[in-house]
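Each chain is listed here by its residues.
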Amino acid sequence: MARKMVNTRFWTQKHPLLLYAGVALIVGLRNSCTAEVRAEDIADKRITCDAPSVIPGNSTSIVCHFLEDINQTRRNFFVSFYKGDKKEEAVNVLACLWVLEETRCFVWPGYKYDGRISQEISLKIPRASANQVGRYECQVDTYDYNITPCEFRVRLEGKAQCYIESAAMSSNTSLTCFFPEDLSETKAEAAVYHHTRRGAESLEVMSCVWKGEIVDCTASRGYELDGSVTDHMTVRIPSVVKSHEGHYSCQTTGLRSHRYGDCYLGLEQVSTELITSACNISSVKEMDPTALTCTFSVNIKATRKNFEVVRLDSDGRKAARIITCIWMDEKLVCTTASGYLFNSDVTDYFVIRIPKALRVHNGTYSCHVMGVEPDEFSSCEFIVSTGRKTPVCVTLMITSFTLRQTETHQQLFTQATANARDCYLFATWRRIPANEFSTGI
């Protein structure tokens with residue numbers, strides 16, 4: 001994300017020497033702050049992270065290694081998370097903005113951040129579960145550093161484990177089995193059992209056997225396999241009912257009966273509020289103004305939801321943050337990318353203005369509420385069409401026309417619009433030196 005430029009018009013008019021001195025100081029400070037970053041070839045530098053594996057239910061941390069001391073450079077920073085190779089579904093589990101020399105951070109449920117900042121930051125996972133298993137990326141604004149993700153996995157120590165989240169009636173949830181071996185290599189059979197109550201017979205709700213290199217899984221009604229079977233497998237419950245409640249266990253033919261742990265599916269009393277969003281933007285010609293409107297299913301101001309607007313790349317991945325807004329002491333604090341204007345006026349919708357549309361603004365936009373899965377947000381396409389730019393002299397003359405103009409004058413104006421060389425004729429007719437005009441071509 002590019003920095004937002006500060007309006008220096010007042011200083012250029014009133015204090016030019018002070019402006020030059022200020023620019024020199026800023027450049028000097030910037031060079032000083034970034035000298036370490038530029039000491040080596042940027043192509044060889046990467047932002048990295050560590051994600052130590054732990055037993056399910058234990059704590060661990062995602063540790064980011066930046067190429068600069070964030071506490072000195074004051075850059076906004078983020079930690080994104082996604083499952084497998086689905087980078088287009090990445091969410092920010094940590095988003096920190098600098099406001100008045102202090103950071104204001106949003107932290108996704110299930111994570112904790114202590115606020116300490118240097119060239120490294122640490123995002124804690126207090127209780128590791130299937131929700132946190134996946135890939136993490138550490139990012140900073142302004143510079144497009146190469147980023148190497150790190151992958152967090154659970155450690156099992158020879159014991160099969162399972163994890164399932166409680167869910168409301170009629171909602172969906174997933175049970176994840178973690179195995180101490182890769183079943184796609186050992187070809188061991190696997191099964192998931194439902195234990196309704198103590199002393200009752202266990203019900204087999206999923207059974208998987210290997211036929212050569214192909215796994216064949218049979219599921220009871222109300223259960224389905226979601227994905228492949230390797231060192232873990234996921235059983236999805238599309239619509240939770242009362243009979244799904246209870247303990248579950250994952251077992252394989254290679255483990256003794258006591259070498260597995262169980263997990264419990266409880267029924268939530270209330271369902272989580274569904275938040276959706278939509279956006280709309282009219283495509284325009286280059287240099288024309290336009291506006292992007294984000295609409296939400298909730299009142300952002302009343303609910304104090306943090307949000308961001310992103311521009312996606314061709315693969316649907318987050319390519320650039322346009323605005324990022326966090327509520328701080330009942331006030332909305334936002335950072336806005338260069339070329340966009342936002343006045344922080346928010347209800348269940350808000351508007352971002354683009355004063356001059358450029359080709360760099362082309363792309364797909366989406367409005368996100370932090371802490372909500374990105375699947376709930378629709379996107380909108382913005383296309384900037386190119387065309388012949390109207391000469392500046394013609395634009396100026398439009399404001400000078402009066403009702404007393406003759407047909408000859410109108411013809412001269414038409415010619416000037418079609419050919420920038422006629423700007424000289426038009427300016428001569430107005431008795432204004434032609435060198436005062438720029439053709440803009």
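Check the entry above for the structure.
Bear in mind the structure is a predicted one, so any value in this text is a computation, not a measurement.

A.B. asks: Which residues make up the state of the cysteines, and what are the values?
C.D. replies: Scanning all chains against the criterion turns up nine disulfides. Here Cys96 connects covalently by a disulfide to Cys105, the sulfurs 2.1 Å from one another. Disulfide Cys96 to Cys105: torsion about the S-S bond roughly 115°, handedness right-handed. With its sulfur 2.1 Å from that of its partner, Cys162 forms a disulfide with Cys263. Judged by the torsion about the S-S bond (-120°), the Cys162/Cys263 disulfide is left-handed. Of the two residues, Cys162 sits in strand E11 (residues 161–164) while Cys263 sits in strand E20 (residues 262–265), which places them 101 residues apart along the sequence. The buried category is assigned to Cys162, whose relative accessible area is 7%. Judged by its relative accessible area of 8%, Cys263 falls in the buried class.

A.B. asks: Go over the packing of aromatic side chains with me, naming the residues and quoting the values.
C.D. replies: All chains considered together, the criterion is met by twelve aromatic pairs. With a centroid separation of 4.8 Å and an interplanar angle of 40°, the aromatic rings of Phe81 and Tyr136 are classed as tilted. You can see Phe81 sitting in strand E3 (residues 77–82) and its partner Tyr136 sitting in strand E8 (residues 134–140), a full 55 residues away along the chain. The same class applies to Phe81 and to Tyr136, which are both buried. Ring centres of Phe307 and Phe342 lie 6.4 Å apart, and the angle between their planes is 90°; on these two criteria the pair is classed as edge-to-face.

A.B. asks: With reference to specific residues and values, describe the sheet that holds strand E2 (residues 60–65).
C.D. replies: The five strands lie next to each other as E6-E7-E2-E1-E9, forming an open sheet whose pairing is mixed. Sheet topology places strand E6 (112–113) and strand E9 (146–147) at the edges, where each strand pairs with a single neighbour. Here E6 pairs with strand E7 (residues 120–125) via two bridges, running antiparallel. Bridging across to E7, Tyr113 finds its partner in Leu123.

What counts and what doesn't
Residues numbered from 1 in each chain as written. Predicted model: local features only at pLDDT ≥ 70, side-chain atom pairs only at ≥ 80, totals over all residues. Heavy atoms only, no water. Disulfide = S-S within 2.5 Å. Helix = DSSP H or I, 4+ residues; strand = E, 2+ residues; numbered from the N terminus. Buried < 20%, exposed > 50% of the residue type's maximum accessible area, 1.4 Å probe, protein only. Phe/Tyr/Trp six-rings, centres within 6.5 Å; stacked < 30°, edge-to-face > 60°. Pairing = 2+ DSSP bridges.

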